[in-house]
Amino acid sequence: MAATNFKTENNTFRKLIGNGLSYRIPRFQRDYSWTDEEWEDLWLDLQGTLQPDGEPAHYMGYLVLQSPDDKTFEVIDGQQRLTTVTIIILAILKHLQRLVDAGKESDANGQRLTQIRQTYIGYLDPVTLVSRPKLVLNRNNNSYFQDFLVPLGHLPRRGFRASEHLLRQAFEWFDKRIGELVRQEPGDQGRRLAQLAEDLSDRLFFTVITVTDELNAYKVFETLNARGVRLSATDLLKNYLFSVLDRHGQNDHELRTLEGRWESMVGRLGAESFPDFLRVHWNSRRAFTRQAELFTTIRGQVRTRDAVFALLRDMELDLDTYLALSSPEVSDWSRELKGLAGTLRTFNVRQPFPLLLAAMRAFTEGEFAGLQRACVVIPLRYNVICGYGTAEQERTYNAVAERIARGEIPGLGPALSAMAGIYPNDAAFRTAFADKTIRTTQSRNNRVARYILCALEKHLVPEHDYDFTSDTLAEKVAPGARSNSPSPSGRGRVRERPHTFTHIWKKNISHGDTETRRRKYRKNNNGHPLRVAPHRLGHRARACPAGSRRWSKPDS
């Protein structure tokens, strides 16, 4: 494993936890969070393997472990599943204990209880009842788990965290389901309970990825890029930052305060989005860092208590701007800024985000609005119309953001000059636009086409200011246009013709100054706006003058 830094294998639950190894959930990992929805899904999947004609096994997904010695493992991803399966085993043990207490085959069931406990839960000291566990939970959940669940005693209900209540509720939920299952048939309940534990441990299997350190774990998360591992990437970053504080002897009160601030940020963002925000924030202040390198970079530069607190404060400062760019409709920005952020989202462009975060911190309100307008125009030309790659563009945005953060670019003018290299000139733009086809079978492309048509309309006839997000746009831009659905006679469609967006521009109004072009446009168009073929009737969005013979006329 030292040569490759990680290894991958498929293991059953029995092989994972029934072989003398021990597992520990990192101290600052997420608390237990599964609810009855996840419990029921897992129970139904498990029952499906118990039927005579059922599936031979159930796949539990990835389990990412970190171990320097292949003896003790930290559970970097998969703690919710591993904890829940362990709770099912504890519920089975509780039923066996009830049989022993009731004098039902006490010797046999007592032996079963002891064997299953030692195999899957750990050794329980007979005098102190202190467990030597195979699974240790995080700092918020382990006490309840070890003190109340593992000994199979009374489960207190008051004065505990929400996650501790979920641990108790999970135990009670599976305890009830197991009771219902074993009572379905008469006979030896102890034998059926032991068989259930054996079936569970043999039929639930994981893909286990074992890494040597956090850096390799983060690379695994970025490679897999699935929902669960995106959450765990957030946890990994949190674990590292909090471990820095823990190494420096911070008291529990300070750690709890810091954790509250962290969870507040994650709650506003969503854990899956947190790594993206962190990279945007990081790149808005420092040299360009790729997502795959982010954890390595942070670990190399954030090593002290002061650096951790500085990072958290700076993230809190940038969070509102990032959220406004990501979800402008719920921000308190002006209508113009919301519209510009919404257009970036329509273009599916996020490369300017670090630049905009840096500008929000350093520029005046008017300069920020001007830069945001530029960050809409550039992607329209560079990404949407010219179709250039984003690598150079992203690095340019980041270089400008870094210079703004260092105070080297004091305002809008120098920032725009620094971005000149990613602004396609008019000749390149006209050439690309003349041949541009946007296929509107995807909803995003449909919105992009609408945006372009509305922008053309507004440029030529300023009094026509349409909302490109409106569902009634086709009727506004093409008065009298029929619905996308065919009429009962099968007629009433607008047929697609092979024109580009610039058909009207090149054929009728491409020459002269702005006012001359507008007069030509109105004359050719009889004062009506552009007519647009409804997007669901074809695969390409096109534009031409209303009344043009190149469009078939709707039946009336």
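This text goes with the structure placed above it.
Residues numbered from 1 in each chain as written. Predicted model: local features only at pLDDT ≥ 70, side-chain atom pairs only at ≥ 80, totals over all residues. Heavy atoms only, no water.

This brings us to the sheet that holds strand β4 (residues 72-77). Taken in spatial order, the six strands of this open sheet run β1-β8-β3-β4-β2-β7, and their pairing is mixed. Bordering the open sheet on either side are β1 (6-12) and β7 (135-136), each of which pairs with just one other strand. Taken together, the two bridges between strand β2 (residues 22-24) and β7 define a ladder with parallel strand orientation. Paired with Arg24 across the bridge in β7 is Val136. (Pairing = 2+ DSSP bridges. Helix = DSSP H or I, 4+ residues; strand = E, 2+ residues; numbered from the N terminus.)

A word on the packing of helix α3 (residues 79-101) against helix α7 (residues 189-203). What describes two packed helices is the angle between their axes and the distance between those same axes. Where α3 meets α7, the closest approach of the two axes is 10 Å, and the angle between their N-to-C directions is 165°. In terms of their interaxial angle, α3 and α7 are classed as roughly antiparallel. Crossing of α3 over α7 shows left-handed handedness. In contact with Val85, Ile88, Ile89, Ile92, His95, Leu96 and Leu99 of α3, α7 contributes Gln189, Gly190, Leu193, Leu196, Ala197 and Leu200. By residue class, the composition of the contact of α3 with α7 is 10 nonpolar, three polar and no charged. (Axes fitted to C-alpha atoms, helices over the stretch in contact; angles between N-to-C directions. Parallel < 35°, antiparallel > 145°, perpendicular 65-115°, else oblique. Left-handed = near helix turned anticlockwise from the far one by under 90°. Contact = heavy atoms within 4.5 Å. Nonpolar A, V, L, I, M, F, W, Y, C, P; charged D, E, K, R; others polar.)

Taken across its eight residues, strand β8 (residues 204-211) has seven buried, putting it largely inside the fold. As paired elements, β1 and β8 share seven bridges and run antiparallel to each other. Across the sheet, residue Glu9 finds its bridge partner in β8, namely Val208. Note: strand β3 (residues 58-66) against β8, seven bridges, orientation parallel. Its bridge partner being in β8, Leu65 is matched across the sheet by Thr210. (Buried < 20%, exposed > 50% of the residue type's maximum accessible area, 1.4 Å probe, protein only.)

Time to look at the nonpolar core. Formed by 78 residues in total, the largest nonpolar core has its most connected members in Leu241, Trp262, Met315, Leu355, Leu371 and Ile452. Among the elements that line this core, the one with the most residues is helix α16 (residues 365-385), at 10 residues. Not counting residues within four places of it along the chain, the set of residues in contact with Leu355 comprises Leu371, Cys375, Tyr397, Val400, Ala401, Ile404 and Met419. The next biggest cluster of nonpolar side chains, apart from the first, holds 56 residues, and it includes Leu16, Tyr32, Leu113 and Leu167. (Core = buried A, V, L, I, M, F, W, Y, C linked by side-chain atoms within 4.5 Å.)

Here the focus is the packing of aromatic side chains. For the structure on display, the rule yields 20 aromatic pairs. Ring centres of Tyr144 and Phe160 lie 4.9 Å apart, and the angle between their planes is 80°; this geometry places the pair in the edge-to-face category. Separated by 16 residues along the polypeptide, Tyr144 in helix α5 (residues 142-149) and Phe160 in the loop between α5 and α6 (162-182) bring together distant segments of the chain. A relative accessible area of 1% means that Tyr144 is categorised as buried. The ring of Trp282 carries Arg286 above its face, with NZ or CZ at 3.8 Å from the centroid. The ring of Phe429 carries the charged tip of Arg381 above its face, separated from the ring centre by 4.5 Å. (Phe/Tyr/Trp six-rings, centres within 6.5 Å; stacked < 30°, edge-to-face > 60°. Lys NZ or Arg CZ within 6 Å of the ring centre and 35° of its normal.)

The full count for this structure, using the stated rule, is two cavities of 30 Å³ or more. Volume-wise, the largest cavity comes out at about 60 Å³. Forming the boundary of the largest cavity are Ile25, Arg30, Asp31, Tyr32, Gln79, Gln80, Thr83, Leu137, Asn138 and Asn141. When grouped by side-chain class, the residues that make up the lining of the largest cavity number three nonpolar, five polar and two charged. (1 Å grid on protein atoms, 1.4 Å probe; cavity = no way out; pocket = protein on both sides within 12 Å on 5 of 7 lines; lining within 4 Å. Points joined across faces, edges and corners; volume = space filled by probe spheres on them.)

Along helix α4 (residues 106-121), the residues classified as buried are Asn109, Arg112, Leu113, Ile116, Arg117, Thr119, Tyr120 and Ile121. Positive phi shows up at Gly122, right after α4, with a value of about 135°.

For the rest of this paragraph, the subject is the pattern of salt bridges. Scanning the model with the defined rule gives 26 salt bridges in all. Note that Asp320 is salt-bridged to Arg268, the shortest N-O span being 2.4 Å. Residue Asp320 is located in helix α13 (residues 305-326), and its partner Arg268 is located in helix α10 (residues 252-269); the two are separated by 52 residues in the primary sequence. Arg268 sits in the partly exposed class, given a relative accessible area of 44%. For the salt bridge of Glu408 with Arg406, the shortest nitrogen-to-oxygen distance reads 2.8 Å. On the accessibility criterion, Glu408 (42% relative accessible area) is partly exposed. (Salt bridge = Lys/Arg side-chain N within 4 Å of Asp/Glu carboxyl O.)

Attention now goes to the environment of Glu172. Within the element layout of this structure, Glu172 appears in helix α6. Here the alpha-carbon distance between Glu172 and Ile88, two residues 84 residues apart in the chain, equals 9.7 Å.

In short, shape yes, function no, at least from these values alone.
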